[in-house]
Amino acid sequence: MNESLHAYMRVGIVHFMAWPSTIKGEGPILETVRRIATDDYFDAIELTWIKDGATRAQVGKMARCAKLDIGYGAQPRLLTTGLNINELDEEGWRKAVATLKEGIDEAYELGASGFAYLSGKYAEATKEASYQALLKSTREICAYAASRGTMPVNLEIFDYDIDKKSLIGPTELALRFAQEIKQEHKNFGLLVDLSHIPMYRESAEAAVLPIRDLIRHVHIGNTVIQDPSLTAYGDTHPRFGFEGGENDVLQVAEFLRVLLFAGVLRKDNPPLFSFEVKPWGDEDPELVIANAKRTLNQAWALV
């Protein structure tokens, strides 16, 4: 592709994955956000909860000054606390919904352009009950987000039996779910992640084309799933080219081709398209980020 990739996507990075020490809403947030804000390769940054209000205000100010778009990822509010929004226990379900509403408040405070979350674990015997609980919670958070403004709410599709073991889940179920929610809530969409696609055993075409009109947000990353004994096995988002990994330049290029064909990547209202990569062991986050940018550049040249 000869045209700039920035014409078709708003390139971002999942901040709390690149710097895992910030994933619980604390740590070196200001200095690491500044690292992204001063890099004009990035059009956006995906943040999660920031527990200190003054720090949150500074981050918002920093992003506005740098003309950096913000996406809000609520996944850590659930994954680091054990909360589950398709929980069948009413008290647990209510706590999960409450933390997502708090996240929506924070997202609006930061001036975020989108809000992302994930479904929780489930048991096969009560899968349909969990599905109904997820419908109920999603309707509630979509309505809450709409009551505050126009920020969209996007469900990220995860693996269903390897690592996170989330209800949503394969593309077929994501499609069913999204179609039901969209009947009432136009602010709802889906987030598809290249690193998760091998974990739910689908091709790029199978994971994108059926939901092409519902995808509002994209992640790219890597995963190791060939053998549980391998380093970084599971949903750990190692850098591209990691030994035993599923995704590198060729896989990213194929994903880009499918997204372009599907109309997800487009000049008119380009989607948020973020790296979700995590340093493994003692790897330097700066080097992992450089790896991601080079991978995307090389892949785009092949499209």
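Predicted, not measured: the structure shown is a model, and the values here were computed from it. (Residues numbered from 1 in each chain as written. Predicted model: local features only at pLDDT ≥ 70, side-chain atom pairs only at ≥ 80, totals over all residues. Heavy atoms only, no water.)

Draft legend 1. Up close: the sheet that holds strand E2 (residues 44–47). The 8 strands are arranged E1-E8-E7-E6-E5-E4-E3-E2 in an open sheet whose pairing can be described as parallel. Edge positions in the sheet fall to strand E1 (10–13) and E2, since each of these pairs with one other strand and no more. The average undirected angle you get between the axes of adjacent strands in this sheet is 25 degrees. As defined by bridge partners, strand E4 (residues 114–118) adjoins strand E5 (residues 153–156) across 4 bridges and the pair is classed as parallel. (Pairing = 2+ DSSP bridges. Helix = DSSP H or I, 4+ residues; strand = E, 2+ residues; numbered from the N terminus. Axes fitted to C-alpha atoms, helices over the stretch in contact; angles between N-to-C directions.)

Draft legend 2. The arrangement of the pairing of strand E3 (residues 69–73) in detail. Within E3, 5 of the 5 residues are buried, which leaves the element mostly enclosed by the surrounding structure. Of the two faces of E3, the one holding Asp69, Gly71 and Gly73 and the one holding Ile70 and Tyr72 are both buried throughout. Bridge count between E2 and E3: 4 bridges; the pairing is parallel. Residue pairing in the sheet places Ile45 in a bridge with Ile70 of E3. The pairing of E3 with E4 spans 3 bridges and is parallel. Opposite Gly73, over in E4, you have Ala116 as the bridge partner. (Buried < 20%, exposed > 50% of the residue type's maximum accessible area, 1.4 Å probe, protein only.)

Draft legend 3. Structural view of the packing of helix H9 (residues 249–262) against helix H10 (residues 285–302). Packing of H9 against H10 brings their axes to within 8 Å, and their N-to-C directions diverge by 55 degrees. Judged by the inter-axis angle, H9 sits oblique to H10. Two packed elements cross with a definite hand, and for H9 against H10 that hand is right-handed. Together, Val249, Leu250, Val252, Ala253, Leu256, Arg257 and Leu260 of H9 and Thr295, Leu296, Gln298, Ala299, Trp300 and Leu302 of H10 make up the contact between the two elements. Its residues placed into classes, the contact of H9 with H10 shows 10 nonpolar, 2 polar and 1 charged. (Parallel < 35°, antiparallel > 145°, perpendicular 65-115°, else oblique. Left-handed = near helix turned anticlockwise from the far one by under 90°. Contact = heavy atoms within 4.5 Å. Nonpolar A, V, L, I, M, F, W, Y, C, P; charged D, E, K, R; others polar.)

Draft legend 4. Seen up close, the layout of surface pockets. Roughly 280 Å³ of volume is contained in the largest pocket. Around the largest pocket, the lining is made up of 20 residues, and of these Met17, Ile23, Leu79, Lys164 and Glu276 lie nearest the centre. Those elements that place two or more of their residues in the lining of the largest pocket are helix H1 (15–18) and helix H4 (75–79). Considering each element in turn, the lining of the largest pocket owes the most residues, 3 residues, to H4. Its residues assigned to classes, the lining of the largest pocket comprises 8 nonpolar, 6 polar and 6 charged. Volume-wise, the second largest pocket comes out at about 220 Å³. (1 Å grid on protein atoms, 1.4 Å probe; cavity = no way out; pocket = protein on both sides within 12 Å on 5 of 7 lines; lining within 4 Å. Points joined across faces, edges and corners; volume = space filled by probe spheres on them.)

Draft legend 5. Examining the nonpolar core more closely. Counting residues in hydrophobic clusters, the biggest one holds 93 residues, and the most contacted among them are Phe115, Tyr117, Phe177, Phe255, Phe275 and Leu296. When residues of this core are assigned to their parent elements, the largest contribution, 9 residues, is made by H9. Residues in contact with Phe275, not counting those within four places in the same chain, are Val11, Gly12, Ile13, Val14, Tyr41, Phe42, Ile220, Phe240, Ala292, Lys293 and Leu296. (Core = buried A, V, L, I, M, F, W, Y, C linked by side-chain atoms within 4.5 Å.)

Draft legend 6. Representation of the pattern of salt bridges within the structure. Summed over all chains, the structure comprises 22 salt bridges. Glu102 serves as the salt-bridge partner of Arg77, at 2.9 Å between the closest nitrogen and oxygen. Of this pair, Arg77 sits in helix H4 while Glu102 sits in helix H5 (residues 90–110), placing them 25 residues apart in sequence. Assessed through its relative accessible area of 3%, Arg77 is described here as buried. For Glu102, a relative accessible area of 44% corresponds to the partly exposed category. Between Arg201 and Asp161 there is a salt bridge, and its shortest N-O distance comes to 3.2 Å. One end of the pair, Arg201, is in the loop between strand E6 (188–193) and helix H8 (204–208); the other, Asp161, is in the loop between E5 and helix H7 (171–182), with 40 residues separating them in the sequence. The exposed category is assigned to Arg201, whose relative accessible area is 52%. Each member of the salt-bridge network shares a partner with another, and the members are Arg56, Arg77, Glu102, Glu106 and Glu109. (Salt bridge = Lys/Arg side-chain N within 4 Å of Asp/Glu carboxyl O.)

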